[in-house]
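Survey of secondary and tertiary structure
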Amino acid sequence: MKKYTLYHICFTLTLVLGLTACESDFENPNAATAEETLSSREGILAAAVGMQQLYATTGVRWVVETPAITTREGAITTTFQNMIELEDGGTQLPNFNSNVQGLWATMLRIVKVAEDIETNASTIELEAGTQSGLISHAKLFKALAIGNLAQNYQQVVTETDNDNNASFVPQAQAFQNCVALLNEAKAAIASAPISEEFTSAVTLGNIDIPNTIDALLARYNLLAGNYEAAIAAANDVDLSSTSTFVYDSQNLNPIWSRVFLNDSPNFKPRDNFGLPAEFVFDDADGRLSFYLVPLDETNQNGLPIEDLAGFFNVNTGPIPVYLPDEMHLIIAEAQLRKGSPDVGAATAALNEVLTDSDDPFGVNAGLAPYSGPSTVDALLDAVYQNRRAELFLTGTSLTDSRRFDRPEPSGNAMQYEEERNRNFYPYPDTERNSNPNTPEDPSI
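Conventions adopted
Residues numbered from 1 in each chain as written. Predicted model: local features only at pLDDT ≥ 70, side-chain atom pairs only at ≥ 80, totals over all residues. Heavy atoms only, no water. Phe/Tyr/Trp six-rings, centres within 6.5 Å; stacked < 30°, edge-to-face > 60°. Helix = DSSP H or I, 4+ residues; strand = E, 2+ residues; numbered from the N terminus. Buried < 20%, exposed > 50% of the residue type's maximum accessible area, 1.4 Å probe, protein only. Lys NZ or Arg CZ within 6 Å of the ring centre and 35° of its normal. 1 Å grid on protein atoms, 1.4 Å probe; cavity = no way out; pocket = protein on both sides within 12 Å on 5 of 7 lines; lining within 4 Å. Points joined across faces, edges and corners; volume = space filled by probe spheres on them. Nonpolar A, V, L, I, M, F, W, Y, C, P; charged D, E, K, R; others polar. Contact = heavy atoms within 4.5 Å. Axes fitted to C-alpha atoms, helices over the stretch in contact; angles between N-to-C directions. Parallel < 35°, antiparallel > 145°, perpendicular 65-115°, else oblique. Left-handed = near helix turned anticlockwise from the far one by under 90°. Salt bridge = Lys/Arg side-chain N within 4 Å of Asp/Glu carboxyl O.

What to know about the packing of aromatic side chains
Evaluated as defined, the whole model comprises 21 aromatic pairs. A centroid spacing of 5.2 Å and a plane angle of 35° characterise the contact between Tyr384 and Phe404, whose relative ring orientation is tilted. Here the residue Tyr384 occupies a position in helix α15 (residues 376–390), and Phe404 occupies one in the loop between α16 (397–403) and α17 (429–432), the gap between them amounting to 20 residues. Like Tyr384, the residue Phe404 is buried in the burial classification. The structure contains a cluster of three or more aromatic residues connected by ring pairs, namely Phe273, Phe281, Phe290, Tyr291, Phe311, Phe312, Phe361 and Phe392. The ring of Tyr220 has Arg219 sitting right over it, with the charged end atom 6.0 Å from the ring centre. Over the ring of Phe404 we find Arg337; its NZ or CZ atom is 4.7 Å from the centre of that ring.

Focus: empty space enclosed by the protein
Scanning the model with the defined rule gives two cavities of 30 Å³ or more in all. Taken together, 22 residues make up the lining of the largest cavity; nearest its centre are Arg219, Ile319, Pro320, Val321 and Thr394. Among the elements of the structure, α3 (41–70), α6 (128–152) and β8 (319–320) are those that each provide at least two residues to the lining of the largest cavity. The biggest single contributor to the lining of the largest cavity is α3, with four residues. Tallied by class, residues from the lining of the largest cavity come to 15 nonpolar, five polar and two charged.

Details of the environment of Pro360
Position of Pro360 relative to the elements: it lies in the loop between α14 (343–354) and α15. On the basis of relative accessibility, which here comes to 41%, the residue Pro360 falls in the partly exposed class. Considering only alpha carbons, one finds Pro360 and Thr242, 118 residues apart in sequence, at a separation of 7.4 Å. Leave out the neighbours within four places in its chain, and Pro360 touches Leu239, Thr242 and Pro324.

Digging into the packing of helix α7 (residues 171–191) against helix α9 (residues 209–224)
Two elements in contact, α7 and α9, have axes separated by 9 Å at closest approach and are oriented at 155°. Accordingly, the angle class assigned to the pair α7 and α9 is roughly antiparallel. The hand of the α7/α9 crossing is left-handed. Across from Phe175, Gln176, Cys178, Val179, Leu182, Asn183, Ala185, Lys186 and Ile189 in α7, the residues of α9 making contact are Ile209, Pro210, Ile213, Asp214, Leu216, Leu217, Tyr220, Asn221, Leu223 and Ala224. Its residues assigned to classes, the contact of α7 with α9 shows 14 nonpolar, three polar and two charged.

Things to note about the environment of Asn315
For Asn315, the location among the structural elements is in the loop between β7 (304–308) and β8. The class for Asn315 is partly exposed, based on a relative accessible area of 32%. For the pair formed by Asn315 and Leu252, sequence separation is 63 residues and the distance between their alpha carbons is 5.6 Å. Discounting residues that sit within four places of it in the chain, Asn315 has contacts with Tyr247, Leu252, Asn253 and Trp256.

Here's the deal with the layout of surface pockets
By volume, the second largest pocket is sized at about 330 Å³. Considering every element that reaches the lining of the second largest pocket, the biggest residue donor is α15, with five residues. Grouping the amino acids of the lining of the second largest pocket by side-chain chemistry returns 10 nonpolar, four polar and four charged.

So, the pattern of salt bridges
When the charged atoms of two side chains with opposite charge come close together, those side chains can pair. For the structure shown, the criterion picks out 24 salt bridges. The shortest N-O distance in the salt bridge between Glu159 and Lys142 comes to 3.0 Å. Taken as a pair, Glu159 in the loop between β2 (155–157) and β3 (168–170) and Lys142 in helix α6 lie far apart in primary sequence, 17 residues in all. Since its relative accessible area comes to 4%, Lys142 is described here as buried. Close ionic contact of Asp285 with Arg287 constitutes a salt bridge, the shortest N to O distance being 2.8 Å. Side by side, Asp285 and Arg287 carry an identical accessibility label, which is buried. Through salt bridges that share partners, Glu333, Arg337, Arg387, Asp400 and Arg403 make up one connected network.

In structure tokens:
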């Protein structure tokens, strides 16, 4: 993996602070070094803001868009080669595809900045709650970045290496690493509650760190197969609390920018949340009208498309870090997958989603309770269908398609009727060309 230099730190800070450009081609004897930037209270708080903003703008774009095209949540409406390659998919998806590279590189940049913040936070004289805030915030974003990598790549880097020699771990181990990081973050703020200084300087109250930690613990414990821990963490989340990435005129909602900014958008959502016709949605399901606006059109490959609403049709609209009903869906799935399935508890959790009418973000199905067969398999199908509707365009669709054993891709490009055209992405050639530990690409 490429060495992270002052340029990367400066770029991160520039996104939020509007600093003059940090050029990597010229030496400035008066410029602060990376060590100096992270050795002051002002510098390390700015780094935390920059990391958060980098994830909210650039990171969210790759996390949402890339698997959305692979799993047919979205259909391309552009002639840009990277999007054509992504929609075609199959074994011919190149390692130099800019989505494949962008997702990988941006998440690793988040990991590196998080590591630097954590390393330096304990060396600066700070209020205890400011130090714990910095550490828990860094660990949260590191876990989020690693989790996104593990949902899309078969093996991932979980610790950066300045000598281009980072090790890879299997996906399952990466999820366990996420859990460990989040537990460490939780312990940090348990020992010293987050200070008002940290909140006013970094999150501005937009991200509820304690609840976000629990929500991500629920998510990654589920993906790691720690079902009882996933249930416990999901139950710890205050479902009336919200955490959002916020945007302004200088930092636009990145999905709005991809769908609405230009006369020729990059993609639009597919109808039925991209699911095949076997998954039938009640016309009264409020999530249809929340996320989708009927167009009765197709893209250039004949795929049915709609217009996009929800969190993505306003240029400065906030995007949730997680959705409250994800917790109910995690509980339902974990109850079904644990050693002794509890069908009753799973049904009750699923019904919380189906009958929801007071979601804090307005994502309300507003339907009758589940009335299908009370079997593990039938309920898992219902959980999958509701995850695709409730968590539409949140970056979870590819890992869900694999986990719920949806039909395998053929490996042939341009098979647009397939539910997904890849299982995992190939490793970017930027990583392979610099890191000798890069594994062989997955076959599909």
